[in-house]
Amino acid sequence: MLIASDRSTAPITRALRAVCVCWCMALASTPVYAASALEEGKAAYQSGDYRTAIVNWRLLIQEGQPEGSFFLGTMYSEGKGVAQDHAKAFELYSEAAEKGFVPAQYNLGNQYANGEGTTRDYAKAEQWWGKAAEAGRARYAQLLKLMAEIITPAYLERLNRRIVTLLPTILQ
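Residues numbered from 1 in each chain as written. Predicted model: local features only at pLDDT ≥ 70, side-chain atom pairs only at ≥ 80, totals over all residues. Heavy atoms only, no water.

Turning to the packing of aromatic side chains, a few remarks are in order. Under the criterion given, the structure shown has 6 aromatic pairs. Ring plane angle 70° and centroid distance 5.1 Å describe the contact between Phe70 and Phe71, whose orientation is recorded as edge-to-face. Here Phe71 falls in the partly exposed class, since its relative accessible area comes to 21%. A ring pair is formed by Phe70 and Tyr93, whose centres lie 5.9 Å apart and whose planes are at 40°; its orientation type is tilted. (Phe/Tyr/Trp six-rings, centres within 6.5 Å; stacked < 30°, edge-to-face > 60°. Buried < 20%, exposed > 50% of the residue type's maximum accessible area, 1.4 Å probe, protein only.)

At a closest axis distance of 8 Å, the pairing of helix H2 (residues 50-62) and helix H3 (residues 66-78) adopts a crossing angle of 145°. Seen from above, H2 lies across H3 with left-handed handedness. Touching Tyr50, Ala53, Ile54, Trp57, Arg58, Leu60 and Ile61 of H2 are Gly68, Ser69, Phe71, Leu72, Met75 and Tyr76, all from H3. The class makeup of the residues in the contact of H2 with H3 is 10 nonpolar, 2 polar and 1 charged. (Axes fitted to C-alpha atoms, helices over the stretch in contact; angles between N-to-C directions. Helix = DSSP H or I, 4+ residues; strand = E, 2+ residues; numbered from the N terminus. Left-handed = near helix turned anticlockwise from the far one by under 90°. Contact = heavy atoms within 4.5 Å. Nonpolar A, V, L, I, M, F, W, Y, C, P; charged D, E, K, R; others polar.)

With that settled, the discussion passes to the nonpolar core. Trp57, Leu72, Met75 and Leu108 are the most contacted members of the largest nonpolar core, which totals 26 residues. Elements supplying a minimum of two residues to this core: helix H1 (2-46), H2, H3, helix H4 (86-98), helix H5 (102-114) and helix H6 (122-134). In terms of residues, this core owes the most to one element, H4, which gives 6 residues. (Core = buried A, V, L, I, M, F, W, Y, C linked by side-chain atoms within 4.5 Å.)

Another aspect to go through is the confidence of the model for the protein chain. Looking at the protein chain as a whole, the pLDDT averages 77, with 63% of positions reaching at least 70. The weakest mean pLDDT in the protein chain belongs to H1 at 55; the strongest belongs to H4 at 97. Contacts for the low-pLDDT stretch residues 1-6, under 50 throughout, to residues beyond four places or in other chains number 0 contacts. Ignoring residues within four places in sequence, the model shows residues 8-33, a span with pLDDT below 50, making 3 contacts including any to other chains. (pLDDT = per-residue confidence, 0-100.)

Note on placement: Ala123 falls in helix H6. For the pair formed by Ala123 and Ala113, sequence separation is 10 residues and the distance between their alpha carbons is 8.6 Å.

What follows deals with the pattern of salt bridges. Considering all chains together, one arrives at 2 salt bridges under this definition. Of the charged contacts, one joins Glu78 and Lys80 as a salt bridge, the two residues approaching to 3.9 Å between their closest N and O atoms. By relative accessible area, Glu78 is classed as partly exposed at 40%. Exposure remark for Lys80: the relative accessible area of 32% places this residue in the partly exposed category. In this structure, the salt-bridge partner of Lys88 is Glu91, at a minimum N-O distance of 3.3 Å. Taken as a pair, Lys88 and Glu91 lie in helix H4 at a separation of 3 residues, close to a single helical turn. What makes Glu91 partly exposed here is its relative accessible area of 40%. (Salt bridge = Lys/Arg side-chain N within 4 Å of Asp/Glu carboxyl O.)

A separate point is H6. Helix length check: H6, at 13 residues, gives a terminal C-alpha distance of 18 Å against a target of 18 Å (1.5 Å per residue), a fit within 8%. All of the buried residues along H6 are Ala125, Glu126, Trp128, Trp129, Gly130, Ala132 and Ala133. With a side-chain oxygen positioned 3.1 Å from the backbone nitrogen of Ala123, the residue opening H6 is Asp121. (Expected span 1.5 Å × (residues − 1). Polar contact = N/O pair within 3.5 Å; in protein donor to acceptor, adjacent residues only side chain to side chain.)

Printed below as a string of structure tokens:
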């Protein structure tokens, strides 16, 4: 009886093994696929093949990669391969910025500062540029300093305090 039982479960065991192997292979190949989609998207964008770039950026977005949201947001911001739509760009930059993608944080700050796709809000522009600067990007910290030259004295005081706190990070 034990022998019959082993034979009857053997096909199920083999099937489960095959499913596990396929699942593990899929997991192992995901980062390579994401890197491939990123590089293919960049190459397509640079060559003017916006349709292929969009397909690759959307694949990255489906995988939760902030680069996809950032690059597709750039296409909407510039109107390349899609109708220019600053609100859509703002939405996509926001997704990538929330995931910590520094160039998206910078672009989101720009959109707040310029009122593109959202209401102009210098405090939020400073917030996003500050996050980018905290990541060690000196040029973003320079934007904070430039903003300080055009904002009210009260806002200037708060911004200067933020710049002073960021200096050690930037000067490293």
